[in-house]
Amino acid sequence: ITMCAEKLALYGGEKLKSTPFGAGNRFGENDLHHLKEALEQGTLFYWYGDKVKSLTKKFAEIYDMPYCVAASSGTAAVHVALGICGVTAGDEVITSPITDMGTIIGILFQNAVPVFADLDPHSYTLDPKSVEEKITDKTKAIIAVHLTGGPTDMDAIMDIAHRHNLKVIEDCAQSYMATYKGKLLGTIGDVGCFSLNDFKQISAGDGGLVITRSEEMYEAALRFADKNYQRLPGKSAASRDVPFIAPNYRMNELTGAVGLAQMERMPKVCARLHEIGDRISDAIRDLPGIYPPKVQPDSTSTYWFYMFRIDEKEAGVDRNTFSDALAAEGIPNQRGYIPSCIYNYDLFINKRGYQGTNCPFGCKLNGHTHDYAPGLCPTAEDILNTAIRFSFNEFYTDADIDDIIAAIRKVSTYFAEKKNA
């Protein structure tokens, strides 16, 4: 059979990408400037220093939100959000089965039970129909995970929440500056949570941010992130009158200093990532059996990573072979996002959130039976079995993006012509 398509590097052809990807340092003189100022304060405690306060003020201004509270990590930010939403023992929280454990840990620490809803097959975010099917008399909140940088269908999620009197927490760890119908993600639900982990659009090494429009939630968040201590002036003379347990998730001034410096580059970084991701999608959406990530109408993604799906019958090739072929062309990539849906992790299979017990799954305050068997969220499982992901950053050149696009098209064309020969 004579093939018109170029021979793949996987089968001995010439490798497409032979030059290194553009690179750079996301940290610089501005970070050093803020760190120096932090050290010169004579204190690194957030309540006495200026950097954490300046960071939360700046972030609130960028997001046009009245309140922002800092935390020690994105995981901590989600836990704080759950705490101020009143999630407690026996409650259920509906969320995504494809996410980091950082979304889940706070639910378990509140002695509440994670309930997993299925996903939209191409946005990789919560399917509203599945969310509504999962609601019980114990449901307290929904955590919408804006995976890969793209938005959940928030109109539908908010409608469900209002009808069932549920709180909505937006996990925006991967979606800085992304929008849903003109609104920044994190400003639509009751609480928005962000991560300053090193593997996000911006980094302070670690750290988290919580935003809300509610003054009551803001004051509760300050306390929940700080061992339930009351530090606001004029609120309570008994600053250590602790009504219930709360963790120590305080951000230190060094983290705040780097976070503040990163705020200044965030809009430009996110704009570049949005540009790159959209350009790749536009260039490959015509390929048979190749499905770029879906972005909701009138919305934007800031592509913390890029993940597309392969339909084996349409594309003429299975996901794993396509992944290998892409790597051979010089485009590093991974299969799927996480090894399996979170409900396949041992703690869910064994229903042991805490060692030596069946809590919180067997909590008498809940009283429900929770099933975490394979097949629970079939679309989510299918996503992980058919997806390819790769990363890019703001330092990638236009030539790098041309090479990524050309490699995807080269691999797709080869197998499509082989299929049709």
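In case you missed it, the structure is sitting above this.
All figures in this text were calculated on a predicted structure; none of them were measured in a lab.

## Digging into the overall build of the protein chain
On a plain count of helices and strands, the protein chain comes out with 13 helices and 13 strands. When the backbone C-alpha atoms are referred to their principal axes, the protein chain occupies close to 85 × 55 × 40 Å. Counting across all 421 residues of the protein chain, residues that qualify as buried make up 55%. Partitioning the intrachain contacts of the protein chain with sequence separation of at least 6 by distance along the chain shows that 72% fall at a separation of at least 24. Charge centroids of the protein chain, computed over 43 positive and 54 negative side chains, lie 3 Å from each other.

## Notes on the sheet that holds strand β4 (residues 139-145)
Working definition: the strands of a sheet are paired by backbone hydrogen bonds and lie parallel or antiparallel to each other. Spatially, the seven strands line up as an open sheet ordered β1-β9-β8-β5-β4-β2-β3, and their pairing is mixed. Looking at which strands have only one partner, the edges of the open sheet turn out to be β1 (67-71) and β3 (113-116). When the angles between neighbouring strand axes are averaged without regard to direction, this sheet yields 25°. The sheet contact formed by strand β2 (residues 92-95) and β4 spans three bridges and is parallel. In the strand pairing of β4, Ile94 is matched with Ile142. The strands that helix α6 (residues 154-164) touches are β4 and β5 (167-171); relative to β5, the one it contacts most, it runs at about 150°.

## Topic: the packing of aromatic side chains
Following the criterion strictly, the structure yields 28 aromatic pairs and no others. Ring geometry for Trp304 against Phe305: centres 5.2 Å apart, planes inclined by 65°, an arrangement best described as edge-to-face. Here Trp304 falls in the buried class, since its relative accessible area comes to 17%. Here the aromatic rings of Phe305 and Tyr337 are separated by 5.0 Å at their centres, their planes lie at 20°, and the arrangement is stacked. Of this pair, Phe305 sits in the loop between β10 (290-291) and β11 (306-310) while Tyr337 sits in the loop between β12 (334-335) and α11 (346-349), and the two are 32 residues apart along the sequence. You'll find Phe305 and Tyr337 in the same group, each marked buried. Taken together, the ring pairs connect Tyr303, Tyr306, Phe308, Phe322, Phe390 and Phe392 into an aromatic cluster.

## Some points on the pattern of salt bridges
Counted by the stated rule, this structure contains 24 salt bridges. Arg163 is paired through a salt bridge with Asp159; the nearest N and O atoms lie 3.0 Å apart. In this pair, Arg163 and Asp159 are both assigned in helix α6, four residues apart and thus about one turn of the helix distant. Asp398 is paired through a salt bridge with Arg272; the nearest N and O atoms lie 3.1 Å apart. In this pair, Asp398 is assigned in helix α13 (residues 398-420) and Arg272 in helix α8 (residues 253-284), connecting sequence segments 126 residues apart.

## Points about the environment of Lys418
Within the fold, Lys418 resides in helix α13. For the pair Lys418 and Met266, spaced 152 residues apart in sequence, the C-alpha separation works out to 44 Å.

## Some points on helix α7 (residues 215-224)
Buried residues of α7: Met217, Glu219, Ala221, Leu222, Arg223 and Phe224, and no others. Taken together, the buried residues of α7 touch β1, α3 (74-84), β5, β8 (191-195) and β9 (208-212). N-capping of α7 is provided by Ser214, with a side-chain oxygen placed 3.3 Å from the backbone N of Glu216.

## Describing the nonpolar core
Where a protein is soluble and globular, its nonpolar side chains tend to be buried together. Counting residues in each nonpolar core, the largest one holds 95 residues, and the members touching the most others are Phe59, Tyr63, Ile98, Tyr176, Leu209 and Tyr337. At seven residues, α3 tops the list of elements feeding residues into this core. Every residue in contact with Tyr337, bar those within four places of it in the chain, is listed here: Ile98, Thr99, Asp100, Leu147, Gln174, Trp304, Phe305, Met307, Leu384 and Arg389.

## Focus on the packing of helix α1 (residues 29-40) against α8
Running from N to C, α1 and α8 cross one another at 150°; their axes reach a closest spacing of 8 Å. With respect to the hand of their crossing, α1 and α8 are arranged in right-handed fashion. Where α1 abuts α8, its residues Asn30, Asp31, His34, Leu35, Ala38 and Leu39 lie against Glu253, Leu254, Ala257, Val258, Leu260, Ala261, Gln262 and Glu264. Partitioned by chemical class, the residues of the contact of α1 with α8 number eight nonpolar, three polar and three charged.

## A word on the sheet that holds β12
Strand order in this open sheet of four strands is β10-β11-β13-β12, and the pairing throughout is antiparallel. Of all the strands in the sheet, the pair left with one neighbour each is β10 and β12. Pairing geometry for β12 and strand β13 (residues 387-390), over two bridges, is antiparallel. Counted as the bridge partner of Arg335 is Ile388 from β13. Packing of helix α10 (residues 319-328) onto the sheet brings it into contact with β10, β11, β12 and β13, and relative to β13 it is tilted by some 25°. Contacts from helix α12 (residues 378-386) reach β11 and β13 within the one sheet, and its direction differs from that of β11 by about 95°.

## A word on the environment of Gly289
Residue placement: Gly289 occurs in the loop between α8 and β10. Sequence separation between Gly289 and Asp64 is 225 residues, and the spatial gap between their C-alpha atoms is 41 Å. Leave out the neighbours within four places in its chain, and Gly289 touches Arg309, Ile310, Asp311, Glu314 and Ala315.

## Some details on the side chain of Thr179
Within the secondary structure, Thr179 sits in strand β6 (residues 179-180). Look at Thr179 and you get buried, because its relative accessible area is 16%. Separated by 2.7 Å, the side chains of Thr179 and Thr300 make a polar contact. If we skip the residues at most four places from it in the chain, Thr179 touches Pro151, Leu184, Leu185, Ser299 and Thr300.

How each quantity is defined
Residues numbered from 1 in each chain as written. Predicted model: local features only at pLDDT ≥ 70, side-chain atom pairs only at ≥ 80, totals over all residues. Heavy atoms only, no water. Helix = DSSP H or I, 4+ residues; strand = E, 2+ residues; numbered from the N terminus. Buried < 20%, exposed > 50% of the residue type's maximum accessible area, 1.4 Å probe, protein only. Contact = heavy atoms within 4.5 Å. Lys, Arg positive; Asp, Glu negative; His and termini not counted. Charge placed at Lys NZ, Arg CZ, Asp CG, Glu CD. Pairing = 2+ DSSP bridges. Axes fitted to C-alpha atoms, helices over the stretch in contact; angles between N-to-C directions. Phe/Tyr/Trp six-rings, centres within 6.5 Å; stacked < 30°, edge-to-face > 60°. Salt bridge = Lys/Arg side-chain N within 4 Å of Asp/Glu carboxyl O. Polar contact = N/O pair within 3.5 Å; in protein donor to acceptor, adjacent residues only side chain to side chain. Core = buried A, V, L, I, M, F, W, Y, C linked by side-chain atoms within 4.5 Å. Left-handed = near helix turned anticlockwise from the far one by under 90°. Nonpolar A, V, L, I, M, F, W, Y, C, P; charged D, E, K, R; others polar.

Worth remembering: the numbers are spatial, not functional.
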